[in-house]
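# Structural overview
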Amino acid sequence: MTLFDEEIARLDVERADLAARAARETDDGRRAYVDAIVARVERARATLAAAAAADSGVEKPTTTGRDVARVHARDLTPRRFRLEYVATDTPVVIEGLGSALTEDGADGETCAWLTRRAGNKKVAVTRKDGHRRATLSCEVTDVLDLKDFFAEVVDDRGAGSYLYDTSIPLKLPSLSESVRVPAYVAHDYMQRTMRLTAFSRSWPSLFVAAKNTRSSLHVDQWQGHFFMAMVRGTKRWTVFSRESLAFLRPSWSRGTLDPAMPPLEEQEEMGMLPLPREFGARRWDVDLGPGEVLFVPGGSPHAVRNLDCTVAFAGNFVDDVNLDRVLEDLKLMAAKDPALMESYRALDEVDFDDEGAALAAGDDDVHAGAFDANARVVRVADYLAGGRFV
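The rules behind the values
Residues numbered from 1 in each chain as written. Predicted model: local features only at pLDDT ≥ 70, side-chain atom pairs only at ≥ 80, totals over all residues. Heavy atoms only, no water. Helix = DSSP H or I, 4+ residues; strand = E, 2+ residues; numbered from the N terminus. Axes fitted to C-alpha atoms, helices over the stretch in contact; angles between N-to-C directions. Parallel < 35°, antiparallel > 145°, perpendicular 65-115°, else oblique. Left-handed = near helix turned anticlockwise from the far one by under 90°. Contact = heavy atoms within 4.5 Å. Nonpolar A, V, L, I, M, F, W, Y, C, P; charged D, E, K, R; others polar. Core = buried A, V, L, I, M, F, W, Y, C linked by side-chain atoms within 4.5 Å. Buried < 20%, exposed > 50% of the residue type's maximum accessible area, 1.4 Å probe, protein only. Salt bridge = Lys/Arg side-chain N within 4 Å of Asp/Glu carboxyl O. Phe/Tyr/Trp six-rings, centres within 6.5 Å; stacked < 30°, edge-to-face > 60°.

## Observations regarding the environment of isoleucine 168
Positionally, isoleucine 168 belongs in helix H6 (residues 168–171). Separated by 37 residues in sequence, isoleucine 168 and serine 205 have C-alpha atoms that sit 5.1 Å apart.

In C-alpha coordinates, the structure reads:
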(Lines give C-alpha, C1' and ligand atoms only; values in the text may rest on other atoms or scores of the structure.)
Protein backbone atom coordinates (compact mmCIF):
# COMPACT_ATOMS: atom_id res chain seq x y z
CA MET A 1 0.00 0.00 0.00
CA THR A 2 1.44 3.38 -1.06
CA LEU A 3 0.34 6.93 -0.44
CA PHE A 4 -1.10 6.97 -3.95
CA ASP A 5 -3.28 3.84 -3.80
CA GLU A 6 -6.35 5.62 -2.43
CA GLU A 7 -6.19 8.23 -5.17
CA ILE A 8 -5.69 5.58 -7.86
CA ALA A 9 -8.76 3.72 -6.62
CA ARG A 10 -10.83 6.92 -6.60
CA LEU A 11 -9.81 7.73 -10.16
CA ASP A 12 -10.70 4.21 -11.25
CA VAL A 13 -14.26 4.74 -10.00
CA GLU A 14 -14.41 8.17 -11.61
CA ARG A 15 -13.15 6.85 -14.93
CA ALA A 16 -15.77 4.08 -14.99
CA ASP A 17 -18.55 6.56 -14.27
CA LEU A 18 -17.38 8.98 -16.98
CA ALA A 19 -16.93 6.18 -19.52
CA ALA A 20 -20.51 5.08 -18.86
CA ARG A 21 -21.63 8.68 -19.25
CA ALA A 22 -19.86 8.89 -22.62
CA ALA A 23 -21.49 5.66 -23.79
CA ARG A 24 -24.92 7.12 -23.04
CA GLU A 25 -24.29 10.29 -25.05
CA THR A 26 -26.22 10.41 -28.31
CA ASP A 27 -24.56 13.59 -29.56
CA ASP A 28 -21.19 12.94 -31.24
CA GLY A 29 -19.68 16.22 -30.07
CA ARG A 30 -20.67 15.74 -26.44
CA ARG A 31 -19.42 12.17 -26.53
CA ALA A 32 -16.05 13.36 -27.84
CA TYR A 33 -15.93 15.91 -25.02
CA VAL A 34 -16.56 13.31 -22.31
CA ASP A 35 -14.12 10.90 -23.97
CA ALA A 36 -11.46 13.62 -23.68
CA ILE A 37 -12.22 13.96 -19.97
CA VAL A 38 -11.88 10.17 -19.58
CA ALA A 39 -8.46 10.39 -21.24
CA ARG A 40 -7.37 13.03 -18.72
CA VAL A 41 -8.48 10.85 -15.82
CA GLU A 42 -6.51 7.97 -17.31
CA ARG A 43 -3.46 10.18 -17.70
CA ALA A 44 -3.61 11.28 -14.06
CA ARG A 45 -4.06 7.69 -12.92
CA ALA A 46 -1.09 6.55 -15.00
CA THR A 47 1.08 9.27 -13.47
CA LEU A 48 0.14 8.21 -9.94
CA ALA A 49 0.71 4.53 -10.76
CA ALA A 50 4.15 5.32 -12.17
CA ALA A 51 4.99 7.39 -9.08
CA ALA A 52 3.87 4.54 -6.82
CA ALA A 53 5.97 2.05 -8.78
CA ALA A 54 8.99 4.35 -8.47
CA ASP A 55 8.52 4.53 -4.68
CA SER A 56 8.06 8.29 -4.91
CA GLY A 57 5.51 7.93 -2.13
CA VAL A 58 8.25 7.64 0.46
CA GLU A 59 9.24 11.27 -0.06
CA LYS A 60 8.10 13.60 2.69
CA PRO A 61 5.15 15.74 1.53
CA THR A 62 5.66 19.50 1.82
CA THR A 63 3.35 22.42 2.49
CA THR A 64 5.81 25.02 1.25
CA GLY A 65 7.43 25.52 -2.12
CA ARG A 66 10.32 27.30 -3.71
CA ASP A 67 10.34 31.07 -4.01
CA VAL A 68 9.11 32.70 -7.21
CA ALA A 69 11.84 34.62 -9.04
CA ARG A 70 11.61 38.42 -8.91
CA VAL A 71 12.88 40.63 -11.74
CA HIS A 72 12.69 44.41 -12.04
CA ALA A 73 10.94 45.64 -15.19
CA ARG A 74 14.03 47.73 -15.93
CA ASP A 75 15.95 44.52 -16.61
CA LEU A 76 13.18 42.49 -18.25
CA THR A 77 12.16 43.08 -21.84
CA PRO A 78 9.03 41.38 -23.19
CA ARG A 79 11.30 39.20 -25.32
CA ARG A 80 13.33 38.02 -22.34
CA PHE A 81 10.12 37.45 -20.38
CA ARG A 82 8.79 35.14 -23.08
CA LEU A 83 12.06 33.26 -23.54
CA GLU A 84 13.08 32.79 -19.90
CA TYR A 85 9.73 32.43 -18.16
CA VAL A 86 6.81 31.77 -20.52
CA ALA A 87 8.68 29.29 -22.71
CA THR A 88 9.97 27.41 -19.65
CA ASP A 89 6.65 27.37 -17.76
CA THR A 90 8.24 29.29 -14.88
CA PRO A 91 6.31 31.76 -12.70
CA VAL A 92 7.88 35.17 -12.20
CA VAL A 93 7.10 38.39 -10.34
CA ILE A 94 7.83 41.59 -12.26
CA GLU A 95 8.65 44.51 -10.00
CA GLY A 96 8.87 48.25 -10.58
CA LEU A 97 5.57 48.92 -12.39
CA GLY A 98 3.61 50.45 -9.51
CA SER A 99 3.71 54.00 -10.84
CA ALA A 100 2.43 52.91 -14.25
CA LEU A 101 -0.40 50.46 -13.54
CA THR A 102 -3.13 53.10 -13.15
CA GLU A 103 -3.88 56.60 -14.34
CA ASP A 104 -3.10 57.90 -10.84
CA GLY A 105 0.55 56.93 -11.07
CA ALA A 106 2.31 56.53 -7.75
CA ASP A 107 -1.00 57.24 -5.97
CA GLY A 108 -2.75 54.31 -7.62
CA GLU A 109 -2.72 52.27 -4.42
CA THR A 110 -5.32 54.59 -2.86
CA CYS A 111 -7.76 53.38 -5.54
CA ALA A 112 -9.27 56.85 -6.01
CA TRP A 113 -9.35 55.99 -9.72
CA LEU A 114 -11.61 53.02 -8.93
CA THR A 115 -14.31 54.97 -7.11
CA ARG A 116 -13.95 58.05 -9.32
CA ARG A 117 -14.44 56.17 -12.57
CA ALA A 118 -16.78 53.34 -11.55
CA GLY A 119 -17.99 53.95 -7.99
CA ASN A 120 -21.65 54.11 -9.03
CA LYS A 121 -21.53 50.97 -11.16
CA LYS A 122 -23.41 47.92 -9.91
CA VAL A 123 -21.29 44.82 -9.31
CA ALA A 124 -22.11 41.24 -8.29
CA VAL A 125 -20.23 40.38 -5.11
CA THR A 126 -19.75 36.84 -3.80
CA ARG A 127 -20.37 36.39 -0.08
CA LYS A 128 -19.38 33.73 2.48
CA ASP A 129 -16.03 32.96 0.82
CA GLY A 130 -17.90 31.49 -2.12
CA HIS A 131 -14.83 31.11 -4.33
CA ARG A 132 -12.96 28.88 -1.89
CA ARG A 133 -14.30 25.69 -3.44
CA ALA A 134 -14.08 24.67 -7.10
CA THR A 135 -17.82 24.69 -7.77
CA LEU A 136 -19.38 25.81 -11.02
CA SER A 137 -21.43 28.53 -9.33
CA CYS A 138 -21.45 30.52 -6.11
CA GLU A 139 -24.51 30.27 -3.88
CA VAL A 140 -24.55 33.69 -2.19
CA THR A 141 -24.15 36.94 -4.13
CA ASP A 142 -25.18 40.55 -3.61
CA VAL A 143 -25.47 43.37 -6.14
CA LEU A 144 -24.32 46.77 -4.90
CA ASP A 145 -22.44 49.88 -5.96
CA LEU A 146 -18.72 49.33 -6.40
CA LYS A 147 -17.88 52.29 -4.13
CA ASP A 148 -20.00 50.78 -1.34
CA PHE A 149 -18.35 47.40 -1.66
CA PHE A 150 -14.89 48.94 -1.71
CA ALA A 151 -15.72 50.87 1.49
CA GLU A 152 -16.87 47.59 3.08
CA VAL A 153 -13.66 45.74 2.47
CA VAL A 154 -11.41 48.70 3.32
CA ASP A 155 -13.22 49.11 6.64
CA ASP A 156 -13.03 45.35 7.28
CA ARG A 157 -16.83 45.02 7.21
CA GLY A 158 -17.03 42.64 4.25
CA ALA A 159 -15.73 39.38 5.71
CA GLY A 160 -15.84 36.60 3.14
CA SER A 161 -16.72 38.97 0.27
CA TYR A 162 -15.10 38.92 -3.16
CA LEU A 163 -15.58 40.76 -6.44
CA TYR A 164 -14.04 38.10 -8.63
CA ASP A 165 -12.80 38.23 -12.22
CA THR A 166 -15.19 40.94 -13.45
CA SER A 167 -14.47 42.00 -17.04
CA ILE A 168 -13.48 45.63 -17.26
CA PRO A 169 -14.23 46.04 -21.00
CA LEU A 170 -17.64 44.36 -20.71
CA LYS A 171 -18.86 45.19 -17.20
CA LEU A 172 -16.86 48.25 -16.08
CA PRO A 173 -15.77 49.96 -19.32
CA SER A 174 -15.16 53.31 -17.62
CA LEU A 175 -12.16 51.69 -15.88
CA SER A 176 -10.55 51.03 -19.26
CA GLU A 177 -9.18 54.56 -19.05
CA SER A 178 -7.78 53.92 -15.58
CA VAL A 179 -5.68 50.76 -15.74
CA ARG A 180 -2.66 49.88 -17.87
CA VAL A 181 -1.90 46.37 -19.09
CA PRO A 182 1.70 45.12 -18.70
CA ALA A 183 3.37 45.12 -22.12
CA TYR A 184 4.69 41.64 -21.36
CA VAL A 185 1.28 40.18 -22.24
CA ALA A 186 0.33 42.61 -25.01
CA HIS A 187 1.23 40.02 -27.66
CA ASP A 188 -1.85 38.01 -26.59
CA TYR A 189 -3.10 36.05 -29.58
CA MET A 190 -6.71 36.42 -28.41
CA GLN A 191 -6.38 40.14 -29.15
CA ARG A 192 -4.82 39.63 -32.58
CA THR A 193 -7.45 37.57 -34.39
CA MET A 194 -9.16 38.91 -37.50
CA ARG A 195 -12.55 38.15 -35.95
CA LEU A 196 -13.70 38.61 -32.38
CA THR A 197 -13.76 35.55 -30.14
CA ALA A 198 -15.93 34.85 -27.11
CA PHE A 199 -12.96 35.99 -25.00
CA SER A 200 -11.76 39.06 -26.93
CA ARG A 201 -13.23 41.48 -24.39
CA SER A 202 -12.99 39.37 -21.24
CA TRP A 203 -9.81 41.00 -19.92
CA PRO A 204 -8.40 42.77 -18.09
CA SER A 205 -10.74 41.84 -15.25
CA LEU A 206 -11.09 43.36 -11.81
CA PHE A 207 -10.61 41.62 -8.45
CA VAL A 208 -11.55 43.33 -5.16
CA ALA A 209 -11.35 41.12 -2.08
CA ALA A 210 -11.87 41.27 1.65
CA LYS A 211 -9.13 40.20 4.04
CA ASN A 212 -8.67 36.42 4.41
CA THR A 213 -10.80 35.46 1.41
CA ARG A 214 -9.45 32.68 -0.76
CA SER A 215 -9.76 31.29 -4.23
CA SER A 216 -10.19 27.62 -4.95
CA LEU A 217 -7.27 25.51 -6.08
CA HIS A 218 -7.97 25.45 -9.79
CA VAL A 219 -6.68 25.44 -13.35
CA ASP A 220 -7.79 28.23 -15.69
CA GLN A 221 -9.98 27.26 -18.63
CA TRP A 222 -8.42 26.19 -21.94
CA GLN A 223 -4.87 26.21 -20.53
CA GLY A 224 -4.60 29.99 -20.69
CA HIS A 225 -1.54 31.75 -19.30
CA PHE A 226 -2.43 34.21 -16.54
CA PHE A 227 -1.15 37.54 -15.30
CA MET A 228 -2.17 39.57 -12.26
CA ALA A 229 -1.23 43.19 -11.55
CA MET A 230 -1.52 44.12 -7.86
CA VAL A 231 -2.65 47.64 -7.04
CA ARG A 232 -3.53 47.43 -3.35
CA GLY A 233 -2.84 44.91 -0.57
CA THR A 234 -1.08 41.55 -0.66
CA LYS A 235 -2.15 38.18 -2.07
CA ARG A 236 -0.43 34.97 -1.04
CA TRP A 237 -0.09 32.82 -4.14
CA THR A 238 0.65 29.12 -4.44
CA VAL A 239 1.40 27.86 -7.94
CA PHE A 240 2.04 24.30 -9.06
CA SER A 241 3.56 23.06 -12.30
CA ARG A 242 1.24 21.46 -14.87
CA GLU A 243 2.88 18.15 -14.08
CA SER A 244 1.73 18.42 -10.46
CA LEU A 245 -1.95 18.10 -11.30
CA ALA A 246 -2.22 14.33 -10.71
CA PHE A 247 -0.81 14.80 -7.19
CA LEU A 248 -3.41 17.42 -6.14
CA ARG A 249 -6.40 15.05 -5.87
CA PRO A 250 -8.09 16.24 -9.09
CA SER A 251 -11.66 15.21 -9.84
CA TRP A 252 -13.33 15.38 -13.23
CA SER A 253 -16.69 14.13 -11.93
CA ARG A 254 -18.37 17.49 -12.61
CA GLY A 255 -17.82 16.86 -16.33
CA THR A 256 -15.44 19.67 -17.33
CA LEU A 257 -12.00 19.54 -18.94
CA ASP A 258 -10.53 21.45 -16.01
CA PRO A 259 -10.85 19.38 -12.81
CA ALA A 260 -12.02 20.38 -9.36
CA MET A 261 -9.59 19.96 -6.46
CA PRO A 262 -10.06 20.14 -2.69
CA PRO A 263 -9.11 23.56 -1.24
CA LEU A 264 -5.37 23.88 -0.72
CA GLU A 265 -5.66 24.45 3.02
CA GLU A 266 -7.73 21.27 3.37
CA GLN A 267 -5.16 19.25 1.47
CA GLU A 268 -2.41 20.65 3.67
CA GLU A 269 -4.40 19.75 6.77
CA MET A 270 -5.12 16.17 5.65
CA GLY A 271 -1.60 15.78 4.25
CA MET A 272 -0.41 16.77 0.80
CA LEU A 273 0.53 14.01 -1.58
CA PRO A 274 4.25 14.04 -2.40
CA LEU A 275 5.30 16.10 -5.43
CA PRO A 276 7.99 13.90 -7.00
CA ARG A 277 10.50 16.00 -8.89
CA GLU A 278 11.28 13.18 -11.31
CA PHE A 279 7.73 13.62 -12.63
CA GLY A 280 8.12 17.38 -13.05
CA ALA A 281 5.99 18.22 -10.00
CA ARG A 282 6.85 21.61 -8.51
CA ARG A 283 5.37 24.10 -6.05
CA TRP A 284 6.04 27.84 -5.76
CA ASP A 285 4.85 30.25 -3.07
CA VAL A 286 4.94 34.04 -3.19
CA ASP A 287 3.36 37.10 -1.58
CA LEU A 288 2.34 39.53 -4.33
CA GLY A 289 2.23 43.16 -3.24
CA PRO A 290 1.31 46.56 -4.69
CA GLY A 291 2.99 47.46 -7.97
CA GLU A 292 3.97 43.86 -8.74
CA VAL A 293 2.85 41.65 -11.62
CA LEU A 294 2.73 37.85 -11.44
CA PHE A 295 2.90 35.46 -14.39
CA VAL A 296 1.31 32.00 -14.00
CA PRO A 297 2.03 29.49 -16.81
CA GLY A 298 -0.94 28.06 -18.67
CA GLY A 299 -2.31 24.86 -17.15
CA SER A 300 -0.71 25.47 -13.74
CA PRO A 301 -2.95 24.74 -10.73
CA HIS A 302 -2.97 27.71 -8.38
CA ALA A 303 -4.67 29.10 -5.27
CA VAL A 304 -4.76 32.52 -3.62
CA ARG A 305 -5.33 33.91 -0.14
CA ASN A 306 -5.90 37.63 0.38
CA LEU A 307 -3.81 38.68 3.37
CA ASP A 308 -5.64 42.01 3.58
CA CYS A 309 -8.04 44.06 1.48
CA THR A 310 -6.81 43.72 -2.09
CA VAL A 311 -7.43 45.33 -5.47
CA ALA A 312 -5.94 43.85 -8.62
CA PHE A 313 -6.61 43.35 -12.29
CA ALA A 314 -5.71 40.34 -14.34
CA GLY A 315 -6.26 38.29 -17.46
CA ASN A 316 -5.55 35.15 -19.43
CA PHE A 317 -3.50 35.18 -22.59
CA VAL A 318 -2.35 32.93 -25.42
CA ASP A 319 0.94 32.80 -27.29
CA ASP A 320 3.08 30.32 -29.18
CA VAL A 321 3.88 28.36 -26.00
CA ASN A 322 0.33 27.34 -25.13
CA LEU A 323 -1.43 27.84 -28.48
CA ASP A 324 -1.71 24.15 -29.39
CA ARG A 325 -3.10 23.25 -25.97
CA VAL A 326 -5.55 26.16 -26.09
CA LEU A 327 -6.77 25.13 -29.54
CA GLU A 328 -7.21 21.53 -28.39
CA ASP A 329 -9.36 22.57 -25.44
CA LEU A 330 -11.34 25.16 -27.39
CA LYS A 331 -12.16 22.61 -30.09
CA LEU A 332 -13.37 20.17 -27.44
CA MET A 333 -15.39 22.89 -25.72
CA ALA A 334 -16.92 23.79 -29.09
CA ALA A 335 -17.98 20.17 -29.52
CA LYS A 336 -20.06 20.60 -26.36
CA ASP A 337 -21.02 24.23 -27.05
CA PRO A 338 -21.11 24.93 -30.83
CA ALA A 339 -21.12 28.70 -30.18
CA LEU A 340 -17.42 28.38 -29.29
CA MET A 341 -16.48 26.96 -32.67
CA GLU A 342 -16.15 30.47 -34.11
CA SER A 343 -13.69 31.32 -31.35
CA TYR A 344 -11.65 28.23 -32.19
CA ARG A 345 -11.64 29.08 -35.91
CA ALA A 346 -10.74 32.73 -35.30
CA LEU A 347 -7.67 31.68 -33.31
CA ASP A 348 -6.71 28.79 -35.56
CA GLU A 349 -6.80 30.71 -38.85
CA VAL A 350 -4.09 33.27 -38.02
CA ASP A 351 -0.36 32.73 -38.67
CA PHE A 352 1.12 34.71 -35.78
CA ASP A 353 4.61 36.23 -36.22
CA ASP A 354 5.96 37.09 -32.79
CA GLU A 355 9.59 37.25 -33.88
CA GLY A 356 9.10 39.86 -36.56
CA ALA A 357 6.69 41.88 -34.46
CA ALA A 358 9.05 41.90 -31.49
CA LEU A 359 11.97 43.04 -33.61
CA ALA A 360 9.85 45.82 -35.08
CA ALA A 361 8.97 46.95 -31.57
CA GLY A 362 12.63 47.27 -30.58
CA ASP A 363 12.17 44.53 -28.03
CA ASP A 364 15.86 43.68 -27.89
CA ASP A 365 16.78 46.71 -25.81
CA VAL A 366 17.07 46.79 -22.03
CA HIS A 367 16.38 50.29 -20.72
CA ALA A 368 19.39 52.55 -20.82
CA GLY A 369 19.63 55.48 -18.45
CA ALA A 370 16.61 56.49 -16.37
CA PHE A 371 13.91 53.82 -16.31
CA ASP A 372 10.36 54.82 -17.27
CA ALA A 373 7.82 52.27 -16.08
CA ASN A 374 5.29 53.67 -18.56
CA ALA A 375 7.36 52.10 -21.34
CA ARG A 376 6.43 48.67 -19.96
CA VAL A 377 2.62 49.11 -20.02
CA VAL A 378 -0.04 49.72 -22.67
CA ARG A 379 -3.47 51.28 -22.49
CA VAL A 380 -6.43 48.92 -22.46
CA ALA A 381 -7.59 50.22 -25.84
CA ASP A 382 -4.19 49.41 -27.33
CA TYR A 383 -4.15 45.99 -25.66
CA LEU A 384 -7.57 45.17 -27.12
CA ALA A 385 -6.25 46.21 -30.53
CA GLY A 386 -3.32 43.81 -30.29
CA GLY A 387 -1.03 45.98 -28.17
CA ARG A 388 2.19 47.32 -29.67
CA PHE A 389 2.83 44.11 -31.54
CA VAL A 390 0.52 44.89 -34.50
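## Quick word on the packing of helix H1 (residues 5–24) against helix H2 (residues 28–53)
Closest axis-to-axis distance for the H1/H2 pair is 9 Å, and the angle between their directions is 165°. By the criterion of interaxial angle, the relationship of H1 to H2 is roughly antiparallel. Here H1 and H2 pass one another in a crossing that is left-handed. Where H1 abuts H2, its residues Glu7, Ile8, Leu11, Asp12, Glu14, Arg15, Leu18, Ala19 and Ala22 lie against Arg31, Val34, Asp35, Ile37, Val38, Val41, Glu42, Ala44, Arg45, Leu48 and Ala49. Here the contact of H1 with H2 is composed, by residue class, of 12 nonpolar, no polar and 8 charged.

## What about the nonpolar core?
Counting residues in hydrophobic clusters, the biggest one holds 99 residues, and the most contacted among them are Leu206 and Leu347. By residue number, the principal contributor to this core is H2, which donates 10 residues. Those residues within four positions of leucine 206 in sequence are excluded, and the remaining contacts are Leu114, Leu146, Leu163, Tyr164, Asp165, Thr166, Ile168, Leu172, Leu175, Val311 and Ala312. In terms of nonpolar packing, the next biggest core, distinct from the first, is built from 18 residues, Val68, Val93, Phe207 and Trp237 among them.

## Some points on the pattern of salt bridges
Across all of its chains, the model carries 27 salt bridges by this definition. One salt bridge in this structure joins glutamate 95 and arginine 70, with 3.1 Å as the shortest N-O distance. Highlighted residues: glutamate 95 in strand S3 (residues 92–95) and arginine 70 in strand S2 (residues 69–72), separated in sequence by 25 residues. Relative accessible area serves as the criterion here: at 37%, arginine 70 is assigned to the partly exposed category. A salt bridge links aspartate 258 to arginine 254, with the nearest nitrogen and oxygen atoms 3.1 Å apart. Taking the relative accessible area as the measure of exposure, aspartate 258 reaches 24% and is therefore partly exposed. Salt bridges here are not isolated pairs; linked through shared partners, they connect Glu103, Asp104, Arg116 and Arg117.

## Comments concerning unusual backbone geometry
Of the consecutive residues tryptophan 203 and proline 204, the connecting peptide bond is found in the cis state with omega at 5°. Position of proline 204 among the secondary structure elements: in the loop between strand S7 (180–182) and strand S8 (205–209). Phi at asparagine 212 takes a positive value of approximately 75°, unusual for a residue other than glycine. Relative to the elements of secondary structure, asparagine 212 occurs in the loop between S8 and strand S9 (225–232).

## As for the packing of aromatic side chains
A full pass over the atoms with the stated rule returns 12 aromatic pairs. Ring plane angle 80° and centroid distance 5.3 Å describe the contact between phenylalanine 81 and phenylalanine 295, whose orientation is recorded as edge-to-face. With phenylalanine 81 in helix H3 (residues 78–86) and phenylalanine 295 in strand S12 (residues 293–296), this residue pair connects regions lying 214 residues apart in the sequence. The class of phenylalanine 81 is buried, set by a relative accessible area of 1%. For phenylalanine 295, a relative accessible area of 2% corresponds to the buried category. With a centroid separation of 3.7 Å and 5° between ring planes, the pair formed by tyrosine 189 and phenylalanine 352 is classed as stacked. Placement of tyrosine 189 in the loop between S7 and S8 and of phenylalanine 352 in the loop between helix H9 (341–348) and helix H10 (354–360) is noted, with a sequence separation of 163 residues between them. A single burial state applies to tyrosine 189 and to phenylalanine 352, both of which are buried.

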